[in-house]
Amino acid sequence: MNDRLALVDCNNFYCSCERVFNPSLIGKPIVVLSNNDGCIISRSDEAKALGIPMGAPLHEQQETIRKHGVQVFSSNYTLYGDMSSRVMSILADEVPAIEIYSIDEAFLQLPKNFSVEMGKALRAKVLKHTGIPVCMGIGMTKLLAKLSNRYAKKNKMLTGGVFDIGEHWDPDGIMHETQCEDLWGVGKNLARRLRKIDVSTVLEFKNADPVAVRMSLGVIGERLQREMNGIRCLELEEVPADKKSVMASRSFGSPVEKLEELEVALSNHVSRASEKIRSGGLLASSMVVMLRTNRFKPEEPQYCPSIRFTFGTPTASTSQLMKAARRLLHRIYRLGYRYKKAGIMLDGLVGSVSYQPSLFDAPVTPKIDVDRIVDDINRRMGRVITHGSMGVKGTGDAWRMKSGRKSPSYTTSWGELPEARL
DNA sequence: TCTGGGGTCCTAGGACCC
DNA sequence: TCTGGGGTCCTAGGACCC
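The numbering scheme is per chain: residues are counted from 1 as the chain's sequence reads. The order in which chains are written sets their letters, starting at A; the order in which ligands are written sets their numbers, starting at 1. Residue-level local features of this predicted model are given only where pLDDT is at least 70; pairs of side-chain atoms are given and counted only at 80 or more, and the full residue set underlies all totals for whole chains, interfaces and linings. To obtain the side-chain values, all non-hydrogen atoms of the structure were included, while hydrogens and water were left out.

Participant: What's the story with the packing of aromatic side chains in this structure? I'm lost.
Facilitator: What describes a pair of aromatic rings is the distance from one ring centre to the other and the angle between the planes of the rings. In summary, the pairing rule links any two rings of Phe, Tyr or Trp, Trp by its six-membered ring, whose centres are within 6.5 Å, and it sorts them by plane angle into stacked for under 30 degrees, edge-to-face for over 60 and tilted for everything else. Scanning all chains against the criterion turns up 14 aromatic pairs. Centre to centre, the rings of tyrosine 303 and tyrosine 337 are 4.9 Å apart; their planes meet at 25 degrees, and the pair counts as stacked. Of this pair, tyrosine 303 sits in the loop between β10 (282-293) and β11 (306-315) while tyrosine 337 sits in the loop between α13 (318-332) and β12 (339-347), placing them 34 residues apart in sequence. The buried label applies to any residue whose accessible area, calculated with a 1.4 Å probe on protein chains only, is under 20% of its type's maximum; exposed applies above 50%, and partly exposed to all values in between. Look at tyrosine 303 and you get buried, because its relative accessible area is 18%. Put simply, the rings of Phe13, Tyr14, Tyr77 and Tyr80 touch in pairs and so form one group of aromatic residues. Geometry around phenylalanine 107 places lysine 142 over its ring, the cationic atom sitting 4.8 Å from the centre. Just above the ring of phenylalanine 309 sits the side chain of arginine 327; from NZ or CZ to the centre is 5.1 Å. Note on conventions: DSSP H or I runs of at least 4 residues are helices, E runs of at least 2 residues are strands, and numbering of each starts at the N terminus. A ring is considered to have a charge above it if a Lys NZ or an Arg CZ atom is located within 6 Å of its centre and within 35 degrees of its normal.

Participant: What is the right way to look at the sheet that holds strand β2 (residues 30-33) in this model?
Facilitator: Remark on secondary structure: sheet strands pair via backbone hydrogen bonds, oriented parallel or antiparallel. The strand order across the open sheet formed by 3 strands is β3-β2-β4, and the pairing between neighbours is mixed. Two strands bound the open sheet, and with one partner strand each, they are β3 (40-43) and β4 (71-73). Across this sheet, the average inter-strand angle for adjacent strands is 30 degrees, counted without regard to direction. Against the sheet, helix α1 (residues 13-20) contacts β2, β3 and β4, and its axis sits at roughly 115 degrees relative to β2. At least two bridges found by DSSP between two strands are what make those strands a pair. Note on geometry: axes are C-alpha line fits, over the in-contact stretch for helices, and angles between N-to-C directions span 0 to 180 degrees. Working rule for contacts: check all heavy atoms of both residues, and any pair within 4.5 Å makes them a contact.

Participant: Any chance you could explain the protein's contact with DNA strand B here in plain terms?
Facilitator: Nearness here has a simple test: a residue counts as near a molecule or strand if at least one of its heavy atoms is within 4 Å of that partner. Near DNA strand B lie 25 residues; those nearest to it are Lys244, Met247, Ser249, Ser251 and Lys340. Among the atoms of DNA strand B close to the protein, meaning within 4 Å, 76% are from sugar or phosphate groups. Contacts described as polar in this section are N or O atom pairs within 3.5 Å, which, within protein, must combine one atom able to donate a hydrogen with one able to accept it, while residues neighboring in sequence count only if both atoms come from side chains. Here a phosphate oxygen of DNA strand B sits 2.4 Å away from a polar atom, N or O, in the main chain of methionine 247. In this structure, arginine 272 approaches DNA strand B through a side-chain N or O atom, which is 3.3 Å from a phosphate oxygen. Those elements that provide at least two residues to the surface near DNA strand B are α11 (210-228), β9 (245-256), α12 (259-279) and β12. When residues of the surface near DNA strand B are assigned to their parent elements, the largest contribution, 7 residues, is made by β9.

This is how it looks when you write it as structure tokens:
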């Protein structure tokens, strides 16, 4: 028999991170915004209680925010990333295997003797060492662990933040009370397809005719149903799979019409993305350039082109990628649109070590790897060298993103360390 | 005025080959 | 009345997640 799995997730993670270094926020409604200060992507319990929905555009909530004095933060990914690794390393120390699933979630393989009480002790340890509150759900499969976790979170007082659905006296009751769209892996669309075969609760899904499920939801539905019945289809993945693509895209602070400005924005995206693949020792086989007008303004003319170029030889060279991006941009750019977003994707990533050149590849000439040297300097000194095409901050940069309410990088920047007073 | 960004997996359909 | 058909590979797009 398989060992049980647990899903541990951090409660209101970004908000909790802000609170660790600013305890005056505890007990108060706070929210954290997406890139560009556009949407609300993390809410404290107090903010949830005010009815602020997940993903809501900030401007739609201004009324509530003013009225209740909700504190608003731009997202500070440097801080959250660092806090995340602290939480993860504590978890990793306690179990035989861990899969870090996202910045605020991890699946754990539990030892045979693991009890709910031990889960509570682990939870207390994470809280003590990082200040981050977590919940834990336990089950035979990832899906059941997710479901358990949801129950633990919704009934924190009752469960103490840790729940094992396998030990509950009435798991069917819990499944009966949960709607399919609240299940991990079931979104709006699959839920609609499930309703068509008269399935709306998780319990109905679990007990539905597998043939009907397979017919209307394909292998995805089949897998979900099996997982719900305790048959493991999704294994714990300790080693993260190799990346297949890297994206860099941003909405603009304000709309952009000029080709030259799009060029600068794209150059910055290429710079970020290429640095990322180089740090992973990867080469890109192809590149996609995307543009988009403001989809929330249907009264304006809409244009959302994308174009792909496949390199003869995979590359990670910034200047080569920038040249390609520029060429592709020129092919899809049309005058007269107000662009709201631009992005690039580096796709078909292959390891630069394992890559086998084809017969027709240009012979590799040994040369000084300027990109690597620049990466190294930028990593140490903080982005001091940039490509000429990336423009200069403060000049013609309507496209740059807004981030006006960011907290300090308390844990990763010497200049921003919190100060303690005696 | 103001509406995120970065990923993965699956499927359908076209191109191509024998 | 006949005008193949099946396998494979690739790509675009849909759906989902955090």
